[in-house]
Amino acid sequence: MEVVGQSKKRISSWWPKFFQKQERRKPPQDLTTHKKPGGWKAMPFILGNESCERLATFGMLANLMVYFLKVFHMDVASAANLINIWSGVTNFAPVLGALISDAFLGKFKTIAFASFAALLGQITMTLTAWESHLHPPSCNLQQQLLGQCKRPNKLNMGILLMGLGLLSIGSGGIRPCSIPFGVDQFDPTTEQGRIGIASFYNWYYATLIVIQLFILTLVVYIQTNISWVLGFGLPTILMLCSIIIFFAGKRIYVHQQPEGTIFSSIAKVLVAAYRKRRLRVSVDGKADETFFDPPLKKTILFKLPLTNQFRFLSKAAIIEENDLNLDGSCANPWRLCSIQQVEEVKCLVRIIPIWSTGIIGLISIAQQTTFTISQALVMDRHLGRNFQVPAGSIIVISMIALGLWLPFYDRVIVPFLRKRTKQEGGITLMTRMGIGLIFSILSMVAAGLVERARRASANSHPQPLGISPLSVFWLSPQLILLGFCEAFYVIGQLEFYNNEFPEHTRSIGNSVFFCSAAGASYLSSFMISIVHRTTKPNWLANDLNQGRLDYFYFLLAGMGFLNFIYYLVCARGYRYKVFVPMEDKPNDDNKASVPLEDKPNDDDRVELASLTV
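All of these numbers come straight from a predicted model, not from anything done at the bench.

Analysis parameters
- Residues numbered from 1 in each chain as written.
- Predicted model: local features only at pLDDT ≥ 70, side-chain atom pairs only at ≥ 80, totals over all residues.
- Heavy atoms only, no water.
- Helix = DSSP H or I, 4+ residues; strand = E, 2+ residues; numbered from the N terminus.
- Contact = heavy atoms within 4.5 Å.
- Areas by Shrake-Rupley, 256 points an atom, 1.4 Å probe, with all protein chains shown as cover.
- Phe/Tyr/Trp six-rings, centres within 6.5 Å; stacked < 30°, edge-to-face > 60°.
- Buried < 20%, exposed > 50% of the residue type's maximum accessible area, 1.4 Å probe, protein only.
- Lys NZ or Arg CZ within 6 Å of the ring centre and 35° of its normal.
- Core = buried A, V, L, I, M, F, W, Y, C linked by side-chain atoms within 4.5 Å.
- Salt bridge = Lys/Arg side-chain N within 4 Å of Asp/Glu carboxyl O.
- Patch = residues over 30% accessible without salt bridge, like charges linked within 9 Å, V, L, I, M, F, W, Y side chains within 5 Å.
- Axes fitted to C-alpha atoms, helices over the stretch in contact; angles between N-to-C directions.
- Parallel < 35°, antiparallel > 145°, perpendicular 65-115°, else oblique.
- Left-handed = near helix turned anticlockwise from the far one by under 90°.
- Nonpolar A, V, L, I, M, F, W, Y, C, P; charged D, E, K, R; others polar.
- Disulfide = S-S within 2.5 Å.

Engineer: Could you clarify how one ought to interpret the overall build of the chain in this entry?
Structural biologist: Assigned secondary structure in the chain consists of 21 helices and four strands. The contacts in the chain between residues at least 6 apart in sequence include a share of 83% that link residues at least 24 apart. In the form shown here, the chain has an accessible surface area of approximately 27700 Å², with 63% of it arising from carbon and sulfur atoms.

And the structure:
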């Protein structure tokens, strides 16, 4: 009995120590949240994953028009529409990916799962080129011109759409999370962190462009002149490499925990504001109302003050009788919302007009992978006597212009402007996006003029295959202008959304850009269908020498000009997001009787824009 008693005593004394030791090994739940940001140390892994994913996807998209025309024997309008529809789905998918990331999985897990979906999509697309039963029988160029090639059957189209769908799922998870995940690696409360974030956007795109140059030259050449199987297989291998690279940096990353989707908060603010629609909010700067202002979560670094804009929404934060529990907490979240919740919704409402300008603003970029390649197919693509430039590779001109400009802009232009404007980005984001829209308009004007010259030369020098003697490098002006459009408008929009969206919803903010790109793709597809059916003679005929593609380009330029006027109106009325330091909260008792912030003037907006992260 004594032995048994001593054994129990030894076990009882050892048992707690064992679990204490185990508990010390187990990291606290919020360790990753408070981990010191890795900054640029984490960038090779994040940029490597995103670059390989976009490289793999773009490796498909860059030459997809040629693949549909040459291998699947589609007509020009049908191929362009399918690409635009797929691009639209791919660009809308990030909204769903952002919701899953913010509400359930977090950015790291969302990127991880999406990367595997993208890999499966790449494998499926490679199989459509490899297996003869998954694409129509091959035919020669003469049969293609006469329309005698066999069309794809239901099996061919089913497998093709499945592969494109998996690629869309992969893009839907990676694209909305990669940039916010990269931003999470910097400390936005320090000047060095803010400068690092601003520089990250430019280098993010520059790195992407360098790798895309590889796709648009070597991979497109392999697809066109050697083998579609090898040309699709190489992006598949690169996608596998992106997954390995991403997981290699797991220990370095800062992992922000998911905090729920903002859409439930939006619904609560709208419902609460509607229920209190009969209340009045002071506009004289001396508010008599008491607003609900509870302590914020530790993960939120910047507190949004109550502003004077969209006062209807401010009613949701007014405290009435029975709105609070005895401990000061909210009794009914569908009747009372915090100032932070209200101001986050206001941020989204302010962004909507600026976002809507991107639908037409990005429509010119959508033409790079459709009609620009169709033009290249019927132009002189010889570079020297023996080498012929693949049609899909012509987009490399835009990438080169963008890749050369961004480092120069980031290291030379921005520091020069920063000294004079006192802006961390050199110029305001509104100015940057406006410049990009101008380049978008000029690119379509240049495209129309070049197409008019190409068509005239082809008809004045008829050849059996309808090839124009005009060099394919006459497409350079429109592509260079599109490169500058991306440098100013696209990157400006990405930075704008990541700055102006509430900090815990950056994934949604990043997906909003892709929604405007999706809208541009669908609008382009809609316009192609309308123009194809209504114009006599058909502007978008299969034989470009008989069509009037130049008229279509000029139509897009006119729409872009009207959109630019609309943008100026939206930009003039926009108010940048403002914040106050967390330690300056008025009270700790969940109540705040404070005046509404005055609308900042133009000088304040410039200053606040440089401070907002």
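Engineer: Honestly, the packing of aromatic side chains in this entry has me stumped. Any pointers?
Structural biologist: Geometrically, a pair of aromatic rings is defined through the distance of the ring centres and the angle of the planes. Throughout the structure, instances matching the rule amount to 23 aromatic pairs. Ring plane angle 25° and centroid distance 5.7 Å describe the contact between Tyr-221 and Phe-387, whose orientation is recorded as stacked. Separated by 166 residues along the polypeptide, Tyr-221 in helix H9 (residues 191–226) and Phe-387 in strand S3 (residues 387–388) bring together distant segments of the chain. The exposure class of Phe-387 is partly exposed, given its relative accessible area of 35%. The interplanar angle of 65° and the centroid separation of 5.7 Å between the aromatic rings of Phe-371 and Phe-552 together place this pair among those described as edge-to-face. Here the residue Phe-371 occupies a position in helix H15 (residues 371–377), and Phe-552 occupies one in helix H20 (residues 549–572), the gap between them amounting to 181 residues. Each residue in the set Trp-405, Phe-408, Tyr-409, Phe-439, Phe-484 and Phe-488 is aromatic and connected to the rest through ring pairs, giving one cluster. If you follow Arg-277 out to its NZ or CZ, it ends over the ring of Tyr-274, 4.1 Å from the centre. One Lys or Arg, Arg-548, reaches over the ring of Tyr-551 and ends 4.2 Å from the middle of that ring.

Engineer: Explain the nonpolar core to me, please; I cannot follow it from the model alone.
Structural biologist: When a protein is soluble and globular, its nonpolar side chains tend to lie buried together. Within the largest apolar cluster, 143 residues are counted, with the highest numbers of intra-cluster contacts made by Tyr-67, Phe-68, Phe-371, Met-430, Phe-496 and Phe-552. Look past the residues within four positions of Met-430 in its chain and what remains in contact with it is Ile-354, Phe-496, Tyr-567, Ala-571, Tyr-574 and Tyr-576.

Engineer: Help me understand the pattern of salt bridges, please; the structure alone is not making it clear to me.
Structural biologist: Pairing between side chains becomes possible if they bear opposite charge and their charged atoms approach one another. Enumeration over the complete set of coordinates arrives at nine salt bridges. Residue Arg-335 pairs with Glu-320 through a salt bridge whose shortest N-O separation is 3.1 Å. Of the two residues, Arg-335 is situated in the loop between helix H12 (311–314) and helix H13 (339–361) and Glu-320 in the loop between H12 and H13; the sequence distance between them amounts to 15 residues. Given a relative accessible area of 28%, Glu-320 falls into the partly exposed group.

Engineer: What's the story with the environment of Gly-448 in this structure? I'm lost.
Structural biologist: By the secondary structure assignment, Gly-448 is in helix H17 (residues 429–460). Note on Gly-448: relative accessible area 0%, which makes it buried. Spatially, the C-alpha atoms of Gly-448 and Leu-555 are 9.3 Å apart, while their sequence positions differ by 107 residues. Ignoring any residue separated from it by four or fewer positions in sequence, one finds Gly-448 in contact with Asp-550, Tyr-553 and Phe-554.

Engineer: Looking at this structure, I do not really get the environment of Ala-391. What am I missing?
Structural biologist: Within the secondary structure, Ala-391 sits in the loop between S3 and helix H16 (396–421). Classification of Ala-391 as buried rests on a relative accessible area of 3%. It is 5.7 Å that separates the C-alpha atoms of Ala-391 and Ile-373, two residues lying 18 residues apart in sequence. Non-local contacts of Ala-391, meaning those with residues more than four positions away in its chain, are made with Val-66, Ile-373, Ala-376, Leu-377 and Arg-381.

Engineer: Before we go on, may I ask you to explain a nonpolar patch on the surface in this structure?
Structural biologist: On the surface, a nonpolar cluster with roughly 530 Å² of combined accessible area is contributed by Leu-96, Ile-100, Phe-104, Leu-105 and Phe-113. Here the element with the most residues in the nonpolar patch is helix H5 (residues 76–105); it accounts for four residues. Within the secondary structure, Leu-96 is located in helix H5.

Engineer: In this structure, what is going on with the packing of H16 against helix H18 (residues 476–500)? I would like to understand it.
Structural biologist: How two helices pack is summed up by the angle between their axes together with the distance between the axes. At a closest axis distance of 8 Å, the pairing of H16 and H18 adopts a crossing angle of 45°. Relative to H18, H16 is oriented oblique. For H16 against H18, the interelement crossing comes out right-handed. For the pair H16 and H18, contact is made by Ile-397, Ser-398, Met-399, Ala-401, Leu-402, Trp-405, Leu-406 and Tyr-409 and by Ser-476, Leu-479, Ile-480, Leu-482, Gly-483, Phe-484, Glu-486, Ala-487, Phe-488 and Ile-491, respectively. The residue makeup of the contact of H16 with H18, split by class, is 14 nonpolar, three polar and one charged.

Engineer: Looking at this model, I keep getting lost on the state of the cysteines. Mind explaining?
Structural biologist: Working definition of a disulfide: a covalent bond connecting the sulfur atoms of two cysteines. The tally for this structure, following the rule as stated, stands at zero disulfides. Cys-337 supplies the cysteine sulfur nearest to Cys-330, a cysteine that is in no disulfide, at a spacing of 7.0 Å. Here Cys-330 falls in the partly exposed class, since its relative accessible area comes to 23%.

Spatial relationships are all this shows, so hold off on functional conclusions.
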